[in-house]
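Fold and geometry: a report
One letter stands for each residue in the lines below.
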Amino acid sequence: MKNLAFILLLIPTLGFAATFKHTDTILRLAVIEYQIDSDIIILNGFESAGTCPLSAEGLVIAAFRTGTSGDRSYSMALAAKMAGKRVTLSVDDNSKNEVGQCYVRFIETKE
């Protein structure tokens, strides 16, 4: 019974095992008008995040969600890109859009 209790306590922490984050400058931001949940961000040096797909440069592609939260995140990323500031980007490879790109979990500016 104690083993079962331990396993049940461990299960919620396993959900966070697929979270990846990286801090660097933004290589690319893109808006794709004809698709939902497809505006993307690519950070320099972000080379691996579980099953998240990679760009032609071998870097993780993260998608912003459509709607207010995605708009806010994209605006922050655009300001950081224009200012040449580093950001920390987090993705979860269990949360993806229709084409398999991992969603932005959070983004924050650095420095």
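Everything below is about the structure shown above.
The sections below set out a description of the structure shown in this document. Nothing here was measured: the structure is a model prediction, and the numbers come from that model.

1. As for the pattern of salt bridges
Taken as a whole, this structure holds 2 salt bridges when the rule is applied. Between Arg28 and Glu57 there is a salt bridge whose closest N-O contact spans 2.3 Å. Placement of the pair is Arg28 in strand β2 (residues 26-30) and Glu57 in the loop between β3 (40-43) and β4 (62-63), with a sequence separation of 29 residues. The class for Arg28 is partly exposed, based on a relative accessible area of 31%. For Glu108, the salt bridge is made with Lys110, and the minimal N-O distance between the two is 3.6 Å. Taking relative accessible area as the criterion, Glu108 reaches 34% and is therefore assigned partly exposed. Its relative accessible area of 28% is what places Lys110 among the partly exposed residues.

2. Side note on the state of the cysteines
In this structure the tally under the stated criterion is 1 disulfide. Here Cys52 engages in a disulfide with Cys102; their sulfurs sit 2.0 Å apart. Between Cys52 and Cys102, the S-S torsion sits near -105°, and that sign places the bridge as left-handed. In this pair, Cys52 is assigned in the loop between β3 and β4 and Cys102 in strand β6 (residues 102-109), connecting sequence segments 50 residues apart. Owing to a relative accessible area of 5%, Cys52 belongs among the buried residues under this scheme.

3. Structural notes on the packing of aromatic side chains
Applying the stated criterion to the full structure yields 1 aromatic pair. Judged by centre distance (5.3 Å) and plane angle (75°), the ring pair of Phe64 and Tyr74 falls under edge-to-face. A residue pair is termed long-range when its members are at least 10 positions apart, and Phe64 in the loop between β4 and α2 (68-83) and Tyr74 in helix α2 qualify at 10 residues. By the burial criterion, Phe64 is buried, and Tyr74 matches it. The ring centre of Tyr103 lies 3.8 Å from the NZ or CZ of Arg65, which sits over that ring.

4. Some words on the environment of Ala79
Assignment of secondary structure puts Ala79 in helix α2. As a C-alpha pair, Ala79 and Thr109 span 30 residues in sequence and 9.4 Å in three-dimensional space.

5. Focus on α2
Between its first and last C-alpha, α2 extends 23 Å over 16 residues, near the 22 Å set by a 1.5 Å rise per residue. Positioned one or two residues after α2, Gly84 has a phi angle of 70°, which is positive.

6. Thoughts on the side chain of Ser90
Considering the arrangement of structural elements, one finds Ser90 in strand β5 (residues 87-96). Judged by relative accessible area, which is 0%, Ser90 ranks as buried. A polar contact is formed between the side chain of Ser90 and the backbone oxygen of Phe20, at a distance of 3.5 Å. Beyond its immediate chain neighbours, meaning those up to four positions away, Ser90 contacts Thr19, Phe20, Lys21, Tyr103, Val104, Arg105 and Phe106.

About the cut-offs
Residues numbered from 1 in each chain as written. Predicted model: local features only at pLDDT ≥ 70, side-chain atom pairs only at ≥ 80, totals over all residues. Heavy atoms only, no water. Salt bridge = Lys/Arg side-chain N within 4 Å of Asp/Glu carboxyl O. Helix = DSSP H or I, 4+ residues; strand = E, 2+ residues; numbered from the N terminus. Buried < 20%, exposed > 50% of the residue type's maximum accessible area, 1.4 Å probe, protein only. Disulfide = S-S within 2.5 Å. Phe/Tyr/Trp six-rings, centres within 6.5 Å; stacked < 30°, edge-to-face > 60°. Lys NZ or Arg CZ within 6 Å of the ring centre and 35° of its normal. Expected span 1.5 Å × (residues − 1). Polar contact = N/O pair within 3.5 Å; in protein donor to acceptor, adjacent residues only side chain to side chain. Contact = heavy atoms within 4.5 Å.

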